Amino acid sequence: MGLLSDPNRRRALISLLTRLNAPICVVCYMAGVAWFMGLAFEPFTLRTYMSENAMGSTMVEERFPAGERALGTGREFSAHKKKAGGMPVDWLVKTMQSRGLEVFTQRFSRRLPFPDEDKERYMVKGTNVYGILRAPRAPRTEALVLSAPCSPGDDNNQAVGVLLGLAQYFRNQVFWAKDIIFLVNEHDLIGMQAWLEGYHHTNTTGMDWSPLQGRGGSIQAALSLELSSDVVTSLDLVLEGLNGQLPNLDLANLFYAFCQKIGVLCTTQGKLQRNDWDSVSGYSHAVQTMMLMVMKQASGRPWGDHGLFLRYHIEAATIKGINSFRQYKTDATTIGRLLEGMYRKLNNLLERLHQSYFFYLMPSLSHFVSIGYYMPAFGLLALILLLRALDLWIQLATPPTFNLNPPPSQMSSPGVLSVLTPLVISHLTGVALYTLPIHFQEIAVEHFPVSETEAVVLTAIAVYTAGLALPHNTHRGLFVPPFNGWKVLKLVAVLYLAVLLGCTALINFSLGFILALTLVPVAAFVTPDVPKALSAFIMVILSPACTLLFSVFLFQELQEMPVSFLDGWMLYLSVISQGILDHALYGSLVYPLVALLVYPCWLLFWNILFWK
Amino acid sequence: MQLQLFVIILFLFSPLVPQENAGQFFSSGHTNNWAVLVCTSRFWFNYRHVANTLSVYRSVKRLGIPDSHIVLMLADDMACNHRNPKPATVFSHKNMELNVYGDDVEVDYRGYEVTVENFLRVLTGRLPPSTPRSKRLLSDDRSNILIYLTGHGGNGFLKFQDSEEISNVELADAFEQMWQKRRYNELLFIIDTCQGASMYERFYSPNLMALASSQVGEDSLSHQPDLAIGVHLMDRYTFYLLEFLEDIHPSSKANMNDLFKVCPKSQCVSTPGHRTDLFLRDPGSALITDFFGSVRKVEITMETINLTEPIQQVEQNFVNEERQKETYSYVDQLPVSEIIHQKPKQKDWHPPDGFILGLWTLILLVFFKTYGMKHLKHIF
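The numbering scheme is per chain: residues are counted from 1 as the chain's sequence reads. Chains carry letters and ligands carry numbers; both start at the beginning, A for chains and 1 for ligands, and go up in the order they are written. Where local features are concerned, this predicted model is filtered to residues with pLDDT of at least 70; where side-chain atom pairs are given and counted, the filter is 80 or more; whole-chain, interface and lining totals use all residues. Side-chain metrics in this entry use all non-hydrogen atoms of the structure; hydrogen atoms and water are not considered.

1. Some points on the overall build of chain B
Moving on, step 1. The way it works is that DSSP assigns letters per residue, a run of H or I at least four long becomes a helix, a run of E at least two long becomes a strand, and they are numbered from the N terminus. When you go through chain B residue by residue, the secondary structure sums to twelve helices and twelve strands.
Moving on, step 2. Expressed as a percentage of the 380 residues in chain B, the buried residues total 47%.
Moving on, step 3. Residue pairs in contact within chain B that sit at least 24 positions apart in sequence constitute 73% of those at least 6 positions apart.
Moving on, step 4. The Shrake-Rupley method, run with a 1.4 Å probe sphere, supplies the accessible areas, and residue values consider only the shown protein chains as cover. When the accessible surface of chain B is summed, it comes to about 21600 Å², and 56% of that surface belongs to carbon and sulfur atoms. The cut-offs for exposure are 20% and 50% of the maximum accessible area for each residue type, with area from a 1.4 Å probe on protein chains only; residues under the lower value are buried, those over the upper are exposed, and the others partly exposed. In this description, contact between two residues means that some pair of their heavy atoms is separated by no more than 4.5 Å.

Below, the structure is given as structure tokens:
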């Protein structure tokens, strides 16, 4: 007989499962964490390599000559920007036209749900200017995009200068098989969102924009350039986009290949890779780089202007120029050559980049870990939830010992109701957490001496904390649930959490893994029998909000800019407000996910803890 | 051409020709040369395959095979590709020394016309009647054919156009069909792909010689990238083959054994291979120009030939026999007059139908009369 159909073996298996459940869960958890930490160990990673045959090797001759002239153009741009107090639309249009591009502008406006204190904007009105370089001999079916943001102050002037210099150089070449669109967007991500929505004729975020007069065909790849100094010491590649989506690894491979060919220092997450992977400091460096990528991906926000392209299946990355204290400086001509080489290779593409990985983690620019290698770390954590669910199922299925004499009728009928009530109430709280902060900001501002942003954030925290008081109130107000009904609720909650985390990890592995790290121990070990005060404290520490607080501190530590507690707290509040804004402006899903699904799930466990 | 034919006829008919010269004269057995040059890959990054084929085309033309005897099949247009920084050119040397596209290239099969089916039809001659002469391989049993294939291949197959393959068995069968239809005298097959030797493993027809750029399990490598164009320009084997062919001129006596030595492993990284067991002559006696060139054998003679006698003989023949002059006219493609005035076809005479029916009724009635009327009800 088979293993599961033989009753003896089945009983043995079941008893093994129930006896060893807690130890196996602990082992799985430690194995999952160890696997994740082991991902950064260099022998476990693979070297990056170009997968796309059409792009081949870095076999081009880059001949861009006009770096200094590009910097001069950047200075002109800066002067006109100061004079216009924003985007110098007329000057840009005239300059692009003199370089032989077809120039168009797009106006957009947007009222944010509440003022953005980081970037100091509330009513945003702006103009995007873009010029299309038509391919001399090709039909206008495909396009590439090079963009530079028009930032307030002195930032990114050189980026616009290099963009215009490249436009002039590219215009003189005959080998372009795709149109190249040179875009200067205002108000960084908001302008980019308006342009992309106008280009693809979608309107997902309720922004107001004028339709685009000129178009170039389906965009195959895009690069966004951020350059704020005349010389750089290194170039940083930013890959993480909206909702943790990453571009195809071939784009990173292309960048790295050209960096090596031209001899520019290239970094990812701002950290230069080291050669000593077998030493402790080398390994911890790789772990730090990987953790930075994980945290950036988990936050679900686009970390560069490229982040919004990914949603339209356009592979995009941001290249940032960093000027630090190093002796060897790279000038604008070299940066122009690197971009020229990359665009010549992207020109050779016949189809969209699809040969390489879409899901990966990079402990350094030359090594990567693919989804097949990192997913087991999450799988081990999800296994704990499944083991717990099995354990509960077995306990519920076997008849209880009759020394307590509970009335048997109460076991079956309030089963559904005892589960449904906490579910409904938790989700209603989640809905409250999602909707109340923005809707009640006016009322909050009237009654309390806080700004709108603070009102929103503090309302969110208030609703969150109010949810903690729920079990008390619901249990008093409604019926008294039976003693063992918590098992059914826990079973449902554990399975719900497993499905939720599984789906999240598939789309955004980092977010799923970080939530799993904190929520799975909660889910596994909470019962009404554990000591209430201690476990309540631990549960609050492991709740999503506190996870976010710790992540903020950890993120600052990893970037080598540690903050004091007060600064960290202010940063935390701004992170919450940015999260809500990202959701309203670009459609980021982290805030609704946490508010509507993760938080109610955590509340279910909180209910179980306080079960009477 | 006429003079040469004339001289040959004279050698045949005149009793003054020493016999040994004739033996040497016709040692190769072929009277015309054909070349089928195929590039099977498309896309810009396969520039080198087109450059390979065009380089062989140039050499073959230089050595004398005219465009009318070359079937050139190029699967993609590199010269006019949007990504070509030097439009209308295809270079085979870096620093753009040699433009093999030129302005007199004649491509017979271009783009999507280069398919396995078309290639096999060209080889076997099974083309629809509307195919123009430039797309046909009009070889006969005295033709020496050079077939050059290049592209991406594997163990036992060659990839055409990213969507189909030709296998070595198909190719061997196509050559057998050519042999049975007497479409070649001798055939030289050169293939420059990865694992190219697998393509000639299955040949079984006589008078085939094959060369490949790499053995089974080896990859053929490309030679030199050009940074200005951004692609590899040639494959190694063809590059060294061309270097070798540059030294061949129409009267060169270099033979096949020299060709086998082209591109040793030190230069090619892969091991070129060849197959001569099906070739009936000794490869040392087969000249390079037997396949790569279209060499007319001309022997200058200082002897005077008496022309009068043979001509008179022929004329006498004409005078003695009756002149049978036929008037020729075009056959009607649509014989309208016959269709309109259709006469019934002449058949053998049969008795009229009614007669046969009456005969059978009579037989039946006699039968039933004899054996009783009750059987009749089975019929009616």
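2. Some details on the pattern of salt bridges
Residue and element names in this part refer to chain B.
Moving on, step 1. Criterion for a salt bridge: a side-chain nitrogen of Lys or Arg within 4 Å of a carboxyl oxygen of Asp or Glu. Scanning the model with the defined rule gives 26 salt bridges over all chains in all.
Moving on, step 2. One salt bridge in this structure joins Lys-61 and Asp-67, with 2.9 Å as the shortest N-O distance.
Moving on, step 3. Owing to a relative accessible area of 16%, Asp-67 belongs among the buried residues under this scheme.
Moving on, step 4. Residues participating in the shared-partner salt-bridge network are Arg-58, Lys-61, Asp-67 and Asp-104.

3. Concerning the interface of chain B and chain A
Moving on, step 1. In this assembly, 18 residues from chain B lie in contact with 20 residues from chain A.
Moving on, step 2. Once two parts are brought into contact, the accessible area they lose, counted with a 1.4 Å probe and summed over both, makes up the buried area. Together, the buried faces of chain B and chain A total about 1500 Å²; carbon and sulfur atoms form 59% of this surface.
Moving on, step 3. Looking only at chain B, the three residues that lose the most surface to chain A are His-82, Arg-83 and Leu-227 of chain B, adding up to 46% of its buried area.
Moving on, step 4. Our count for the chain B to chain A interface comes out at zero salt bridges.
Moving on, step 5. Counting of polar contacts relies on pairs of N or O atoms within 3.5 Å, with two restrictions inside protein: one atom must be capable of donating a hydrogen and the other of accepting it, and residues adjacent in sequence are counted only when both atoms are side-chain atoms. At the junction of chain B with chain A, the criterion picks out eight residue pairs in polar contact (both at pLDDT 80 or more).
Moving on, step 6. Among the secondary structure elements, those contributing two or more residues to the side of chain B that touches chain A are strand 10 (225–226) and strand 11 (231–232) of chain B.
Moving on, step 7. In the side of chain B that touches chain A, the residues fall into eleven nonpolar, five polar and two charged. Charged residues are taken to be Asp, Glu, Lys and Arg, nonpolar residues to be Ala, Val, Leu, Ile, Met, Phe, Trp, Tyr, Cys and Pro, and polar residues to be all remaining types, Gly included.

4. Remarks on the UniProt feature "transmembrane region" (unreviewed entry) in chain A
Residue and element names in this part refer to chain A.
Moving on, step 1. UniProt positions are given in the numbering used here, feature names are shortened, and annotations may be inferred rather than shown by experiment. The feature "transmembrane region" (unreviewed entry), as given by UniProt, occupies residues 20–41, 371–394, 414–434, 455–473, 493–526, 533–555 and 589–611 in the numbering adopted here.
Moving on, step 2. Secondary structure within residues 533–555 divides into 91% helix and 0% strand; the distance between the first and last C-alpha atoms comes to 30 Å.
Moving on, step 3. Split by type, residues 589–611 is 87% helix and 0% strand. Its first and last C-alpha atoms lie 32 Å apart.

5. Considering the packing of helix 12 (residues 452–468) of chain A against helix 19 (residues 590–609) of chain A
Residues and elements named next belong to chain A.
Moving on, step 1. Where helix 12 meets helix 19, the axes come as close as 10 Å, and the angle between the chain directions of the two elements is 25°. Comparing their axes, helix 19 and helix 12 come out roughly parallel. Here Val-463, Tyr-464, Gly-467 and Leu-468 of helix 12 come into contact with helix 19, specifically with Tyr-599, Trp-602, Leu-603 and Trp-606.
Moving on, step 2. Of the residues in the contact of helix 12 with helix 19, the class split is seven nonpolar, one polar and no charged. For every element, the axis is a line fit to its C-alpha atoms; helices are fit only across the contacting stretch, and the angle between N-to-C directions ranges from 0 to 180 degrees. Small angles under 35 degrees read as roughly parallel and large ones over 145 as roughly antiparallel, with 65 to 115 read as roughly perpendicular and the rest as oblique.

6. Focus on the sheet that holds strand 11 (residues 360–364) of chain A
All names here are of chain A.
Moving on, step 1. Should DSSP find at least two bridges between two strands, the strands are taken to pair. If you walk across this open sheet you meet the three strands as 1-12-11, and the pairing is antiparallel. Across the chains shown, the open sheet's two edge strands, defined by having one partner strand only, are strand 1 (46–47) and strand 11.
Moving on, step 2. By the bridge criterion, two bridges tie strand 1 to strand 12 (residues 367–370) in an arrangement that is antiparallel. Residue pairing across strands places Arg-47 opposite His-367, the latter belonging to strand 12.
Moving on, step 3. In the packing of helix 9 (residues 371–397) onto the sheet, contacts are made with strand 1, strand 11 and strand 12, and the angle to strand 12 comes to roughly 60°.

7. So, a negative patch on the surface
Residue and element names in this part refer to chain A.
Moving on, step 1. Every patch collects residues that have over 30% relative accessible area and no salt bridge, joining them within 9 Å if they carry like charges and within 5 Å if they are nonpolar side chains (Val, Leu, Ile, Met, Phe, Trp, Tyr). In this charge count, Lys and Arg are treated as positive and Asp and Glu as negative; neither His nor the chain ends contribute. One atom stands in for each charge, and that atom is NZ of Lys, CZ of Arg, CG of Asp or CD of Glu. Taken together, Glu-117, Asp-118, Glu-120, Glu-442, Glu-446, Glu-452 and Glu-454 make up a surface patch of like negative charges.
Moving on, step 2. Looking at the negative patch, the elements with two or more residues in it are helix 11 (441–447) and helix 12.
Moving on, step 3. By the secondary structure assignment, Glu-454 is in helix 12.
Moving on, step 4. A relative accessible area of 35% means that Glu-454 is categorised as partly exposed.

8. Overview of the side chain of Asn-168 of chain B
Residues and elements named next belong to chain B.
Moving on, step 1. Structurally, Asn-168 is set in helix 5 (residues 168–180).
Moving on, step 2. By relative accessible area, Asn-168 is classed as buried at 8%.
Moving on, step 3. Every residue in contact with Asn-168, bar those within four places of it in the chain, is listed here: Gly-156, Ser-198, Met-199, Glu-201 and Arg-202.

9. As for the packing of helix 4 (residues 157–171) of chain A against helix 8 (residues 332–347) of chain A
Residue and element names in this part refer to chain A.
Moving on, step 1. Running from amino to carboxyl end, helix 4 crosses helix 8 at an angle of 55°, the nearest separation of the two axes being 10 Å. Between helix 4 and helix 8, the crossing angle belongs to the class labelled oblique. Helix 4 and helix 8 meet at a crossing whose hand is right-handed. Mapping the contact onto sequence places Val-162, Leu-166, Tyr-169 and Phe-170 in helix 4 and Ala-332, Gly-336, Leu-339, Glu-340 and Tyr-343 in helix 8.
Moving on, step 2. Residue composition of the contact of helix 4 with helix 8, grouped by class: seven nonpolar, one polar and one charged. For any helix crossing, the convention is left-handed if the near helix is rotated counterclockwise from the far helix by under a right angle, and right-handed if that rotation is clockwise.

10. Some words on the sheet that holds strand 5 (residues 152–154) of chain B
Residue and element names in this part refer to chain B.
Moving on, step 1. Here three strands make up an open sheet; going across it, the order is 5-6-7 and the pairing antiparallel. Of all strands in the sheet, those with a lone pairing partner are strand 5 and strand 7 (164–167), marking the two edges. Pairwise comparison of adjacent strand axes, ignoring direction, gives a mean angle of 30° for this sheet.

11. Some remarks on the packing of aromatic side chains
Moving on, step 1. Ring geometry is summarised as follows: Phe, Tyr and Trp rings, the Trp one being its six-membered ring, pair when their centres sit within 6.5 Å, and such pairs are stacked at plane angles under 30 degrees, edge-to-face over 60 and tilted between the two. What the rule picks out here adds up to 37 aromatic pairs over all chains.
Moving on, step 2. Measuring from centroid to centroid gives 6.3 Å for Tyr-169 of chain A and Phe-170 of chain A, while their planes differ by 50°, and the two rings are tilted. Comparing Tyr-169 of chain A with Phe-170 of chain A shows no difference in burial state: the two are buried.
Moving on, step 3. Ring centres of Phe-553 of chain A and Phe-565 of chain A lie 5.9 Å apart, and the angle between their planes is 5°; this geometry places the pair in the stacked category. Residue Phe-553 of chain A is located in helix 17 (residues 544–558), and its partner Phe-565 of chain A is located in helix 18 (residues 565–586); the two are separated by twelve residues in the primary sequence.
Moving on, step 4. You can call Phe-565 of chain A exposed: its relative accessible area is 57%.
Moving on, step 5. Positioned over the ring face of Trp-179 of chain B is Arg-182 of chain B, at 4.8 Å from the centre of the ring. By the criterion adopted, a ring carries a charge over it if an Arg CZ or a Lys NZ lies within 6 Å of its centre and within 35 degrees of its normal.

12. Details of the state of the cysteines
Moving on, step 1. Any two cysteine sulfur atoms within 2.5 Å of one another count as a disulfide. Under the counting rule described, the total for this entry stands at two disulfides over all chains.
Moving on, step 2. You can see Cys-28 of chain A has no disulfide; the closest cysteine sulfur is in Cys-25 of chain A, sitting 6.7 Å from it.
Moving on, step 3. For Cys-28 of chain A, a relative accessible area of 8% translates into the label buried.
Moving on, step 4. We note that Cys-39 of chain B lacks a disulfide partner, and the nearest cysteine sulfur, in Cys-194 of chain B, lies 14 Å from it.

13. Quick look at the environment of Leu-278 of chain B
Residues and elements named next belong to chain B.
Moving on, step 1. Structurally, Leu-278 is set in the loop between strand 12 (273–275) and helix 9 (289–292).
Moving on, step 2. Taking the relative accessible area as the measure of exposure, Leu-278 reaches 15% and is therefore buried.
Moving on, step 3. Those residues in contact with Leu-278 that sit more than four places away from it in its chain are Phe-203, Tyr-204, Ser-205, Pro-206, Asn-207 and Leu-208.

14. A word on the environment of Asp-192 of chain B
Residues and elements named next belong to chain B.
Moving on, step 1. Mapped onto the fold, Asp-192 is located in strand 8 (residues 186–192).
Moving on, step 2. Judged by relative accessible area, which is 1%, Asp-192 ranks as buried.
Moving on, step 3. Along the primary structure Asp-192 and Gly-217 are separated by 25 residues, whereas in three dimensions their C-alpha atoms are 14 Å apart.
Moving on, step 4. The residues contacting Asp-192, other than those within four sequence positions of it, are Asn-52, Tyr-148, Leu-149, Thr-150, Gly-151, Ser-213, Ser-220, Asp-235, Tyr-237 and Thr-238.

15. A short note on helix 16 (residues 532–541) of chain A
All names here are of chain A.
Moving on, step 1. If you check which residues of helix 16 are buried, you get Ser-535, Ala-536 and Met-539. Buried residues along helix 16 cover an arc of 105° about the axis, so they all sit on one side. Exposed side of helix 16, more than 90 degrees from the buried face: Ala-533, Leu-534 and Phe-537 are the residues found there.
Moving on, step 2. Looking at the buried side of helix 16, the elements it contacts are helix 15 (509–525) and helix 19. This arc is built from the directions going out from the helix axis to the C-beta atoms.

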